[in-house]
Each structure stands twice: as C-alpha cells, then as structure tokens.
Amino acid sequence: MEGQEDQQTKARVVKVDSLESWDLFVNQATNQGCPIVIHFTASWCMPSVAMNPFFEELASTYPDVLFLTVDVDEVKDVATKLEIKAMPTFVLMREGAPIDKLVGANPEEIRKRIDSFVQSIRVFVA
C-alpha cells in the first residue's frame, strides 16, 4: 500500500529544457496517440509559480495525458513557436497540433477544459 501512495505523489509533470526535448516529447506523444497539456511558465511570474502544485495534481488525475512544463525564458523557441505572450498559458495538444489555449491562472477553468479535452479524446478513440 505504501508503494502505491508514493507512486501517486511522484511528480508526473515533465520539464522541457530545450527545443530538442520539446520535439522529442511531442513526437513520442503524437506517435502513441497521447494528448498533451503544456504549462508555459516563468520563474518570475508568481501566478505561474502558484499554479505548479495544481498542475502536478492534474497530472496525477489524468495518467493517460502527457503533462509538460516549459519555462519561457529557458526555452524561448517553443514559446515563440506557439505564440505564447503571457504567463501562465496552458495549451492542449492532440496529434502534435494545439487544440485549445487558456491564458491566466484559473484552476477551475483549466480543470474543466482538460476534462472536456480528455473526454472528447476518449470518445474519439472509442
């Protein structure tokens, strides 16, 4: 029982540290048909930093979704590519393409959008 609890609390959010790792994660997820949720953040943005524990919680709630975090100052190319203009920004992707984008620290709206996103994929796959 203790081992299961440890696994559930273990971080499930993957930090993207380069354009290469971004391409690798997105390509792997796309090939496996795995949806992606990305949190674009910055260490100096307090609303972004405040969303980190919530994002970790979401990641443990949806084990069949890849959760990525991108620091816009560390990986500017990815932020530019997806036209990220403010933090925090959350992007939902399927098959390598952005499906939805939500700007701002709004936990309930983020949870609602991810839930709808995951449900639509489960219906799509079934």
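Conventions adopted
- Residues numbered from 1 in each chain as written.
- Predicted model: local features only at pLDDT ≥ 70, side-chain atom pairs only at ≥ 80, totals over all residues.
- Heavy atoms only, no water.
- Helix = DSSP H or I, 4+ residues; strand = E, 2+ residues; numbered from the N terminus.
- Buried < 20%, exposed > 50% of the residue type's maximum accessible area, 1.4 Å probe, protein only.
- Contact = heavy atoms within 4.5 Å.
- Areas by Shrake-Rupley, 256 points an atom, 1.4 Å probe, with all protein chains shown as cover.
- Salt bridge = Lys/Arg side-chain N within 4 Å of Asp/Glu carboxyl O.
- pLDDT = per-residue confidence, 0-100.
- Pairing = 2+ DSSP bridges.
- Axes fitted to C-alpha atoms, helices over the stretch in contact; angles between N-to-C directions.
- Core = buried A, V, L, I, M, F, W, Y, C linked by side-chain atoms within 4.5 Å.

Draft legend 1. Representation of the overall build of the protein chain in the model. In terms of regular secondary structure, the protein chain is built from five helices and five strands. Expressed as a percentage of its 126 residues, the buried residues of the protein chain come to 41%. Residue pairs at least 24 apart in sequence account for 69% of intrachain contacts in the protein chain once pairs closer than 6 positions are excluded. In the form shown here, the protein chain has an accessible surface area of approximately 7300 Å², with 53% of it arising from carbon and sulfur atoms.

Draft legend 2. Molecular detail of the pattern of salt bridges. Taken as a whole and judged by the stated rule, the model has six salt bridges. Between Asp-100 and Arg-113 there is a salt bridge, with the nearest N and O atoms lying 3.1 Å from each other. Here Asp-100 is found in strand E5 (residues 97–103), whereas its partner Arg-113 is found in helix H5 (residues 107–125), with 13 residues between them in sequence. Taken together, the shared-partner salt bridges in this structure form one network comprising Asp-100, Glu-109, Lys-112 and Arg-113.

Draft legend 3. Up close: the confidence of the model for the protein chain. Put simply, the protein chain has an average pLDDT of 88, and 87% of its residues get 70 or more. Of all secondary-structure elements in the protein chain, the lowest mean pLDDT belongs to helix H1 (residues 2–9), at 40, while strand E2 (residues 36–41) reaches the highest, 97. When the criterion is pLDDT under 50, residues 1–10 qualifies, and its contacts beyond four places in sequence or with other chains add up to one contact.

Draft legend 4. Highlighting the sheet that holds strand E1 (residues 13–16). One open sheet holds the five strands; their spatial order is E1-E3-E2-E4-E5, and the pairing between them is mixed. Across the chains shown, the open sheet's two edge strands, defined by having one partner strand only, are E1 and E5. Taken over all neighbouring pairs, the strand axes of this sheet differ in orientation by 25 degrees on average, direction set aside. Where E1 meets strand E3 (residues 66–71), four bridges bridge the pair, whose relative direction is parallel. In the sheet register, Val-14 faces E3, and the bridge partner there is Leu-68. In this fold helix H3 (residues 46–61) packs onto E1, E2, E3 and strand E4 (89–94), with an angle of close to 165 degrees to the strand it touches most, E2.

Draft legend 5. Focus on the nonpolar core. Trp-22, Ile-36, Ile-38, Phe-40, Leu-68, Val-70 and Ile-84 are the most contacted members of the largest nonpolar core, which totals 23 residues. Within the residue set of this core, elements represented by two or more residues are helix H2 (19–31), E2, E3, helix H4 (76–81) and E4. Of all the elements, H2 adds the most residues to this core, at four residues. With residues near it in sequence (within four places) discarded, Ile-38 still touches Trp-22, Phe-55, Leu-68, Val-70, Thr-89, Phe-90, Val-91 and Met-93. Membership of the second largest hydrophobic core comes to 18 residues, among which are Phe-54, Phe-67, Ile-110 and Ile-121.

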